[in-house]
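Structural overview
One-letter residues, chain by chain:
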Amino acid sequence: NLGRGPVVDEDALLRALQHDTGNLKGAALDVFAQEPLPRDHPLWELPNVLISPHNMDQTTTFMHEATEFFVHENLPRFLCGQDLLNPVDPCL
């Protein structure tokens with residue numbers, strides 16, 4: 001889930017991850033409908049789930065790195081009509 005927590009039906013996701021139906025083998029998650037994810041939430045216990053903190057913006061270098069990436073990578077691409085790096089697919 002690379003968007004925001006409410007975009008994903010967490011109950012359906014949990015059921016799919018708990019029951020090996022062949023449709024979903026695992027998930028890497030960093031946002032949830034309720035944040036922080038409660039300590040007793042079943043997602044914490046699943047071996048096929050990777051949970052990472054949604055706090056990359058709290059590092060000391062994040063703003064500098066994000067600005068550098070925008071100014072030196074995506075802004076020039078945008079101005080030249082080129083494809084941007086790391087686009088978001090609106091259909092997902």
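Structural data are supplied above this passage.
The rules behind the values
- Residues numbered from 1 in each chain as written.
- Predicted model: local features only at pLDDT ≥ 70, side-chain atom pairs only at ≥ 80, totals over all residues.
- Heavy atoms only, no water.
- Helix = DSSP H or I, 4+ residues; strand = E, 2+ residues; numbered from the N terminus.
- Rg over C-alpha atoms; globule rule 2.2 N^0.38 Å.
- Buried < 20%, exposed > 50% of the residue type's maximum accessible area, 1.4 Å probe, protein only.
- Contact = heavy atoms within 4.5 Å.
- Lys, Arg positive; Asp, Glu negative; His and termini not counted.
- Salt bridge = Lys/Arg side-chain N within 4 Å of Asp/Glu carboxyl O.
- Polar contact = N/O pair within 3.5 Å; in protein donor to acceptor, adjacent residues only side chain to side chain.

The subject of this paragraph is the overall build of the protein. The number of helices and strands found in the protein is 2 helices and 2 strands. The linear arrangement of helices and strands in the protein, starting from the amino end, is α-β-β-α. By the compact-globule yardstick of 12 Å for 92 residues, the protein is too spread out, its C-alpha radius of gyration being 17 Å. Based on the C-alpha atoms only, the size of the protein along its principal axes is roughly 50 × 30 × 20 Å. Taking all 92 residues of the protein together, the buried fraction comes to 17%. For the protein, contacts bridging at least 24 residues in sequence account for 33% of all contacts bridging at least 6.

With that settled, the discussion passes to the side chain of E10. Within the secondary structure, E10 is located in helix α1 (residues 10-18). The side chain of E10 sits in the buried core without any salt bridge; R15 is the nearest counter-charge, 11 Å away. Within the local environment of E10, its side chain forms a polar contact with the backbone nitrogen of A33, the two atoms lying 2.6 Å apart.

Quick look at the environment of D57 now. Counting through the fold element by element, D57 comes out in the loop between β2 (49-51) and α2 (62-79). Residues D57 and N74, 17 residues apart in the sequence, show an inter-C-alpha distance of 19 Å.

Let's shift gears to unusual backbone geometry. Of note, the bond from E35 into P36 is cis; its omega dihedral lies within 30 degrees of zero at -5 degrees. The phi angle at N86 is positive, at roughly 60 degrees, despite the residue not being glycine. Residue N86 is classed as exposed on the basis of its relative accessible area of 64%.

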